[in-house]
Amino acid sequence: MRIEKISLIHLRVVLKRPFILAGKLVNERDFLLLKVVSGSRVGWGEASPETVSLPDLMLDFKRNLVPFALQMPFDALEDFSHSLSVMKASPEARAGLEMAAWNLLAQGKEAASPKERLSATIGKILEAGEESEMADSLILAARAGQTPAVLKVNPGNIQTIARVLQNCEENIPIILDAEESFSLENAGDLKHLPDRSVQFVVDPISSENWENVRFLKEKWPVPIALKNSLIDILEVEKIVQAPYVDAVCIDPWRVGGLTAARRYLTVASENKKPAYIFSQLHLDIGTAEVLMVLSSFSRNRPVFTTIPEDVFGTKFIPDSILHFQGHLARFPVEAPIHLNGAENQIDRFRITEEEYW
């Protein structure tokens, strides 16, 4: 198979309500959709700025990944992914292109019958906000069965979250995503949180100093998971073997794609450490690919996600491919993701579109 044409479509999608990301209030989200064409087949991938800016993400494609993809014939995703993994580009750019190639290959397969459906348990990443809003979000998540749920924690809102957890009658298990906002100097503030509610905290300190979590646990003996530190397979092996790291969280975009995420999940399993999938603020195109490919690797653990229609109010793919119901996401065993009949929905979010042959 040879990719004959690639379209880079820049979308700017407004959130239904503001979201706190890395300590900043986010009102809208930039995405790059990749539309790759080979003969009569069309594949879709999704990328958005995570570790780099949007202009740098665009340059990754224009300078490196688009020329590579147009000159790289492939018949197996493993071959494509192996060559892609050594390309000089940001992980989210590689992830978006790999998803498009994955989806392109899937177009040649028959869609599964309605009886052949899988389901993944969803743990919801909740919006941060006022105390009453957080409490309401936890109640709604508990009623939907979306437990545990993820709350964002930082030195500025720790007292608010402590009150929410202490007053929450549902008493549901909580994952705290600290997004590297603490240090050894102020980590003692985490003691304000009730231990009974917290399953583990993700990325309490900077990824450059992840080994300092051993000292953090002396201040607050709660299980710790790492996400942003997972930058290559050797680092993952080192992390999962550390006795003071209790779990890892795999973000498929940050690790460079679905193939890399599968390898990381396997390494965690081999070292008997629980691994969780995190998919935050992505459209249903990327979310569906993640769930279809990786949910079986989570060993019945919840896949933590922001549900796209909850945060964007927009659906690009039909319920027959990805459908959220209660605390479950349901999808066929194998179903190529297409935008047939829905591609025109992109128009109201489209900023630019560039085509390459």
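One can find the structure itself at the top, above this paragraph.
Source: prediction; values computed, not measured.

Definitions and limits used
- Residues numbered from 1 in each chain as written.
- Predicted model: local features only at pLDDT ≥ 70, side-chain atom pairs only at ≥ 80, totals over all residues.
- Heavy atoms only, no water.
- Helix = DSSP H or I, 4+ residues; strand = E, 2+ residues; numbered from the N terminus.
- Rg over C-alpha atoms; globule rule 2.2 N^0.38 Å.
- Buried < 20%, exposed > 50% of the residue type's maximum accessible area, 1.4 Å probe, protein only.
- Contact = heavy atoms within 4.5 Å.
- Areas by Shrake-Rupley, 256 points an atom, 1.4 Å probe, with all protein chains shown as cover.
- Lys, Arg positive; Asp, Glu negative; His and termini not counted.
- Charge placed at Lys NZ, Arg CZ, Asp CG, Glu CD.
- Core = buried A, V, L, I, M, F, W, Y, C linked by side-chain atoms within 4.5 Å.
- Salt bridge = Lys/Arg side-chain N within 4 Å of Asp/Glu carboxyl O.
- Axes fitted to C-alpha atoms, helices over the stretch in contact; angles between N-to-C directions.
- Parallel < 35°, antiparallel > 145°, perpendicular 65-115°, else oblique.
- Left-handed = near helix turned anticlockwise from the far one by under 90°.
- Nonpolar A, V, L, I, M, F, W, Y, C, P; charged D, E, K, R; others polar.
- Pairing = 2+ DSSP bridges.
- Expected span 1.5 Å × (residues − 1).
- Arc of directions from axis to C-beta.

How do you make sense of the overall build of the protein when you look at a structure like this?
Each helix and strand counted, the protein has 10 helices and 14 strands in total. Its C-alpha atoms give the protein a radius of gyration of 20 Å, within 12% of the compact-globule value 21 Å for 357 residues. With the principal axes as the frame, the protein shows a C-alpha extent of 60 × 40 × 40 Å. Each of the 357 residues in the protein was classed as buried or not, and the buried ones make up 55%. Taking as baseline every contact in the protein between residues at least 6 positions apart, the subset at least 24 positions apart corresponds to 74%. About 15,000 Å² of surface is accessible on the protein, with carbon and sulfur atoms providing 47% of the total. Of the side chains in the protein, 38 bear a positive and 48 a negative charge, and the two mean positions are spaced by 2 Å.

Please clarify how the nonpolar core should be interpreted in this entry.
Core analysis: the biggest nonpolar cluster contains 130 residues, and L11, F61, L138 and L176 have the highest contact counts within it. With 9 residues, helix α1 (residues 54–70) is the largest single contributor of residues to this core. The contacts of L11, once residues within four sequence positions are left out, are R29, D30, F31, L33, L283, F316, I346, F349, R350 and I351.

What exactly am I supposed to notice about the pattern of salt bridges here?
Should their charged atoms come close, side chains of opposite charge can pair. The full count for this structure, using the stated rule, is 19 salt bridges. Residue K62 pairs with E354 through a salt bridge whose shortest N-O separation is 3.3 Å. Of the two residues, K62 is situated in helix α1 and E354 in strand β14 (residues 350–356); the sequence distance between them amounts to 292 residues. Of the residues examined, E354 reaches a relative accessible area of 24% and is grouped as partly exposed. Shared partners join several salt bridges into a network, and the residues in it are K152, D177, E179 and K227.

I keep staring at the packing of α1 against helix α3 (residues 91–106) and nothing clicks. Help me out?
Put simply, α1 and α3 touch, their axes get as near as 10 Å, and they point 45° apart. The angle between α1 and α3 falls in the class oblique. α3 is crossed by α1, and the crossing has right-handed handedness. Across the interface between the two elements, L57, D60, F61, L65, F68 and A69 from α1 touch E92, A93, R94 and L97 from α3. Its residues assigned to classes, the contact of α1 with α3 comprises 7 nonpolar, no polar and 3 charged.

Looking at this structure, how should I read unusual backbone geometry?
Working note: non-glycine residues mostly have negative phi, and peptide bonds are mostly trans. Cis geometry marks the peptide bond from T147 to P148, where omega comes out at 0°. Within the element layout of this structure, P148 appears in the loop between α4 (131–144) and β5 (149–152). A positive phi angle, close to 55°, is found at K272, a residue other than glycine. Counting through the fold element by element, K272 comes out in the loop between α8 (258–270) and β10 (275–279). Its relative accessible area of 74% is what places K272 among the exposed residues.

Help me understand the pairing of strand β13 (residues 328–332), please; the structure alone is not making it clear to me.
The side chains of a regular strand alternate, first on one face of the sheet and then on the other. The buried count for β13 comes to 4 of 5 residues, which makes it a mostly enclosed element. Connecting strand β12 (residues 323–325) to the antiparallel partner β13 that follows it, the hairpin turn spans 2 residues, and G326 within it adopts a positive phi of roughly 65°.

I tried to follow the sheet that holds β13 on my own but got confused; where do I start?
Read from one edge to the other, the open sheet built from 10 strands follows the order β5-β6-β7-β8-β9-β10-β11-β4-β13-β12, with strand pairing classed as mixed. Bordering the open sheet on either side are β5 and β12, each of which pairs with just one other strand. Each strand axis lies, on average, 35° off the axis of its neighbour in the sheet, ignoring direction. Across 3 bridges, strand β4 (residues 117–124) lies against strand β11 (residues 303–305) in parallel orientation. Counted as the bridge partner of I122 is V303 from β11.

Sorry, what's going on with α4 here?
One turn of an α-helix holds 3.6 residues; hence residues three or four places apart share an orientation. Its 14 residues give α4 an end-to-end C-alpha distance of 20 Å, which sits within 8% of 20 Å, the value for a rise of 1.5 Å per residue. Buried within α4 we find M134, S137, L138 and A141. When α4 is viewed along its axis, its buried side chains cluster within an angular range of 100° and face the same direction. Of the residues in α4, the exposed ones pointing more than 90 degrees away from the buried face are L140 and R143. Buried residues along α4 sit in contact with β5, α5 (158–167) and β6 (174–177). With its phi angle positive at about 85°, G145 sits one or two positions after the end of α4.

Teacher, can you tell me more about the sheet that holds β14 here?
Remark on secondary structure: sheet strands pair via backbone hydrogen bonds, oriented parallel or antiparallel. Pairing is antiparallel across the open sheet formed by 4 strands, whose spatial order is β3-β2-β1-β14. The two strands at the open ends of the sheet, each matched to only one other strand, are β3 (41–47) and β14. The mean angle between the axes of side-by-side strands here comes to 25°, regardless of whether they run parallel or antiparallel. Across 7 bridges, strand β2 (residues 24–38) lies against β3 in antiparallel orientation. Among the inter-strand pairings, L32 is bridged to a residue of β3, identified as A47. Across the sheet, α1 is in contact with β1 (5–21), β2, β3 and β14; its angle to β1 comes to roughly 150°.

Shape descriptors only; they carry no functional weight alone.
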